[in-house]
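Here is what each chain is made of, one letter per residue.
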Amino acid sequence: MKLHEYQSKQIFAKYGVPIPKGRVAATAAEAREIAAELGGRVVVKAQVLVGGRGKAGGIKLANSPEEAEAQATAILSMKLKGLPVRKVLVDEAAHIATEIYLGITNDRAARKPVMMASAEGGVEIEEVARKTPEKIIKTHIDPLLGLRGYQTRDLALGIDLPKEHWKAFSKVCFGLWEAYQKSDATLAEINPLVVTEEGQVLAVDGKMIVDDNALFRHPEIAEMRDLDVEAPEEIEARKYGLSYIKLEGDIGCMVNGAGLAMTTMDVIKLYGGEPANFLDIGGGANAEKVAAAFRIILSEPNVKAVLINIFGGITRGDEVAKGILAAMEEVKPEVPMVARIVGTNAEEGRRLLANADMITADTLVEAAQKAVAAAKGGAQ
Amino acid sequence: MSILVNKDTRLVVQGITGREGLFHTTQMVAYGTKVVAGVTPGKGGQWVLDDKIPVFDTVKKAVETTGANTSVIFVPARFAADAIFEAADAGVELIVCITEGIPVQDMMRVRAYLDQKGSRLVGPNCPGLLTPGEAKVGIIPGSIAIPGNVGVVSRSGTLTYEVLYAMKQLGIGATTTVGIGGDPVNGTSFLDTLKMFEEDPQTEKVVLIGEIGGTDEQKAAQYIADHMTKPVVGFIAGQTAPPGKRMGHAGAIVEGGEGTAAEKVEALEAAGVKVAKHPEEIAHILKSL
Ligand SMILES: Nc1ncnc2c1ncn2[C@@H]1O[C@H](COP(=O)(O)OP(=O)(O)OP(=O)(O)O)[C@@H](O)[C@H]1O
Ligand SMILES: [Mg+2]
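These remarks concern the structure in this document. Computed from a prediction, not measured in an experiment: that's the story for all the values here.

1. Here we look at the overall build of chain B
Regarding its fold elements, chain B presents nine helices and 14 strands. Here chain B has a C-alpha radius of gyration of 18 Å; the compact-globule value for 289 residues is 19 Å, and the two agree. The principal-axis extent of the C-alpha atoms belonging to chain B is close to 55 × 40 × 30 Å. Residue burial in chain B is summarised as follows: out of 289 residues, 63% are buried. For chain B, the computed accessible surface area is about 10,400 Å², with 50% contributed by carbon and sulfur atoms. A gap of 3 Å separates the mean positions of the 26 positive and 32 negative side-chain charges of chain B.

Structure (structure tokens):
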């Protein structure tokens, strides 16, 4: 789950990372008030969960409360990369001398967190990684030991940070590490971390992604979820414990198991079709879950056929079929349905479904071919 | 022969009195697996499955009393890391964690700890292991596979069943099937498993079922190219998965352009692996080898 800049920076500040004075506003009038309180120059910043807000015109300087209000009015009416701006952050403008990059993420291959710093702050780190990877200094953190002081000095030395800032930089490193660890983040990033003309080290931007699997122990973070970045169907799916991702094609898929769900999509494509979604219904296939899955798949008007692929395994095929039939009774889908059930009692399951006018198939390839034909209008 | 689990496996089930734990214990016992103990904190002294399996409060007690050498974990995600630490601390050699949804930072700590202790973890977020005719540790349906000479390793659950089933239809059996799980940080990698299959005299061919995300398949490809003498058939799920989206499994995500199906297929093919276009084709390729 992604957090907004203002949320990330508040968490960073909690662990001792210095951030500019400022507050978030939902209206231009509030933005004006905050600017007046802060006095002097401020920065008005769109709070949307996309990168490159500055380049897209979502970050503006203002010299007075009136200007802040005008900038906020403009920014709050914007859409950045398709997402509406509902809030702006009004921060004191820093007198920036240099911009640095500092971040922590999970290094999957190393199975450890990695802390990264670069003297090339303020630009997209992916771009730095592509063009000049040698400019990113990395240090892996032992998950049982935590970050050690010498590692922060390795980073400072690596990015040629003047020695007078090492202490402040180290404090920011430790603050960021704690924020990352205590919030179960998969990414905690400050870009840019600035050194001001006054010699202060300050996080003027902040970004965090928190592990969805760890939200149970961070209820205060779970509440920060911004539903704008998710398709409504994905939110609905989560309620039923379904894993759903909307795609562009016209063949809806309902499958048990993530690997098999991806494979089903791939095989549809292999035989000339386009999947409309990824959907994993998980273990079992009770009528309530299947009905929810049908509603979500069919809420997409593009869908011209549905492919159901259930590998029964321990769940019995006839029970799966009964769940599907009960769900069809409730949802009454109007598009052709192709079902493939494998496992214990699969024949009985297939017979039940065929009696209910469903197209059935024995193999995944056959099911995909039939679904592609059905979506193209040449059903059966 | 086989790898990791066999007739001599003495299994302790962590979370044995839970719904999942009890159901799958019944299935494992029916398959012939030697389930010697269960653990549920607070329920030590009880017996389950017609009073045949004793329940202990701790893994240590279970190991001391029954000589268990392998554990399978069915406890909820929030307690699962603790369950793994406990099993490793009790000296269990092989720990199989079925649980899905363990926080990734927990798993990074688990890995660092296990590397010190020397226990092997398979999973988490996996279907477990099946050595047909000998032992089933986890949730793979026993009926879909027959004994044979093919080693199977996979990041997925039902997709693996699909492949085992297709193999069985053609009369092809498995030595051992290892579900290494769909999480980004896990215990046993493709590479670890390939090494074991390469050394197992009875395994003559290997099936590797990968998916998008990470670089585990690419590392496996390197090993295959450099060291493997046995033929490997591959499959990679997620050709059509959009970048930046987590496809059900926590680890199934293309990030920063890395971990695509295309790059994995390319790496495997460059290593001489025959990569199938769909799961049923795997069985046909095996037949032709
Ligand atoms: N409080 C501030 N004072 C002075 N300058 C600032 C302040 N906040 C941002 N800036 C300037 O604006 C630039 C862009 O701001 P910021 O990094 O917050 O957003 P961004 O990187 O464009 O957006 P995103 O994080 O979405 O990619 C910074 O590199 C910095 O030069
Ligand atoms: Mg930035």
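2. Some points on the pattern of salt bridges
Evaluation of the coordinates by the stated rule reveals 40 salt bridges over all chains. Notably, a salt bridge pairs A:Arg86 with A:Asp228, separated by 2.5 Å at the nearest N-O pair. With A:Arg86 in the loop between β6 (83-84) and β7 (88-92) and A:Asp228 in the loop between α7 (219-222) and α8 (232-239), the pair connects residues that are 142 residues apart, well separated along the chain. Put simply, B:Glu217 and B:Lys264 hold a salt bridge, and the shortest N to O gap is 2.4 Å. In this pair, B:Glu217 is assigned in helix α7 (residues 216-227) and B:Lys264 in helix α8 (residues 261-270), connecting sequence segments 47 residues apart. You'll find B:Glu217 and B:Lys264 in the same group, each marked buried. Among the charged side chains, a salt-bridge network with shared partners connects A:Glu5, A:Lys9, A:Lys45, A:Arg53, A:Asp91 and A:Asp205.

3. Some details on the site of ligand 1
Residues and elements named next belong to chain A. Inspection of the region around ligand 1 gives 17 residues, with Lys 45, Gly 52, Arg 53, Glu 99 and Asp 205 positioned closest. Between ligand 1 and Lys 45, the relevant distance is 2.6 Å, taken from an oxygen atom to a side-chain nitrogen or oxygen of the residue. Protein coverage of the free-state accessible area of ligand 1, which is 610 Å², stands at 80%. Mapped by element, the contributors of at least two residues to the shell around ligand 1 are β3 (42-46), β8 (96-107) and β11 (185-196). A domain split of the shell around ligand 1 shows at least three residues from each of domain 1 (1-20 + 95-229) and domain 2 (21-93).

4. Topic: the sheet that holds β3(A)
All names here are of chain A. Overall, antiparallel pairing links the four strands, which are arranged β2-β7-β3-β4 in an open sheet. The sheet is open, and its two edges are formed by β2 (22-25) and β4 (59-62), each paired on a single side. On average, each strand axis in the sheet is inclined to that of its neighbour by 20°, with strand direction left out of account. Bridge analysis of β2 against β7 gives four bridges, and the strand direction is antiparallel. Each bridged residue has a counterpart across the sheet, and for Gly 22 the counterpart in β7 is Asp 91. Here helix α1 (residues 5-14) sits on the sheet in contact with β2, β3 and β7, set at roughly 45° to β7.

5. Remarks on the coordination of the magnesium ion (ligand 2)
Residue and element names in this part refer to chain A. Bound to the magnesium ion (ligand 2) on the protein side are Asn 191 (O) and Asp 205 (OD), at distances that span 2.2 Å. Of this pair, Asn 191 sits in strand β11 while Asp 205 is found in the loop between β12 (201-203) and β13 (207-210), placing the two residues 14 residues apart along the sequence. An identical accessibility class is assigned to Asn 191 and Asp 205; each is buried.

6. Regarding the interface of chain A and chain B
Chain A puts 46 residues into the contact, and the matching count from chain B is 59 residues. Here chain A and chain B share an interface that buries about 4,000 Å² over both sides, 62% of which is from carbon and sulfur atoms. For the salt bridge of A:Arg340 with B:Glu162, the shortest nitrogen-to-oxygen distance reads 2.5 Å. Seen at the junction of chain A and chain B, the total is 12 residue pairs in polar contact (both at pLDDT 80 or more). Residue assignment for the side of chain A that touches chain B shows that the elements contributing at least two residues are β9 (112-118), α6 (166-182), β11, β14 (243-246), α9 (258-270), β18 (337-342) and α13 (364-375) of chain A. Of all the elements, α9(A) adds the most residues to the side of chain A that touches chain B, at 10 residues. For the side of chain A that touches chain B, the residue count by class is 24 nonpolar, 11 polar and 11 charged.

7. Looking at the packing of aromatic side chains
Here the structure, examined in full by the defined rule, presents four aromatic pairs over all chains. On the basis of an interplanar angle of 25° and a centroid distance of 5.6 Å, the ring pair of A:Trp177 and A:Tyr180 is categorised as stacked. Highlighted residues: A:Trp177 and A:Tyr180, both in helix α6, separated by three residues, approximately one helical turn. Summarising the burial analysis for this pair, A:Trp177 and A:Tyr180 share the class buried. Seen in terms of ring centroids, A:Phe311 and B:Tyr165 are 5.6 Å apart; in terms of plane orientation they differ by 85°. Their pairing is edge-to-face. Placement of A:Phe311 in strand β17 (residues 305-311) and of B:Tyr165 in helix α5 (residues 158-169) is noted, with the two residues assigned to different chains. Judged by its relative accessible area of 1%, A:Phe311 is buried. Ring pairs connect the aromatic residues A:Phe311, B:Tyr161 and B:Tyr165, which therefore count as one cluster.

Conventions used here
- Residues numbered from 1 in each chain as written.
- Chains lettered and ligands numbered in written order.
- Predicted model: local features only at pLDDT ≥ 70, side-chain atom pairs only at ≥ 80, totals over all residues.
- Heavy atoms only, no water.
- Helix = DSSP H or I, 4+ residues; strand = E, 2+ residues; numbered from the N terminus.
- Rg over C-alpha atoms; globule rule 2.2 N^0.38 Å.
- Buried < 20%, exposed > 50% of the residue type's maximum accessible area, 1.4 Å probe, protein only.
- Areas by Shrake-Rupley, 256 points an atom, 1.4 Å probe, with all protein chains shown as cover.
- Lys, Arg positive; Asp, Glu negative; His and termini not counted.
- Charge placed at Lys NZ, Arg CZ, Asp CG, Glu CD.
- Salt bridge = Lys/Arg side-chain N within 4 Å of Asp/Glu carboxyl O.
- Near = heavy atom within 4 Å.
- Polar contact = N/O pair within 3.5 Å; in protein donor to acceptor, adjacent residues only side chain to side chain.
- Domains from an automatic or database assignment.
- Pairing = 2+ DSSP bridges.
- Axes fitted to C-alpha atoms, helices over the stretch in contact; angles between N-to-C directions.
- Contact = heavy atoms within 4.5 Å.
- Donors = N, O, S within 2.8 Å, 3.2 Å for Na, K, Ca; no water.
- Buried area = accessible area lost by both parts, 1.4 Å probe.
- Nonpolar A, V, L, I, M, F, W, Y, C, P; charged D, E, K, R; others polar.
- Phe/Tyr/Trp six-rings, centres within 6.5 Å; stacked < 30°, edge-to-face > 60°.

Treat this as a map of the structure, not an account of what it does.
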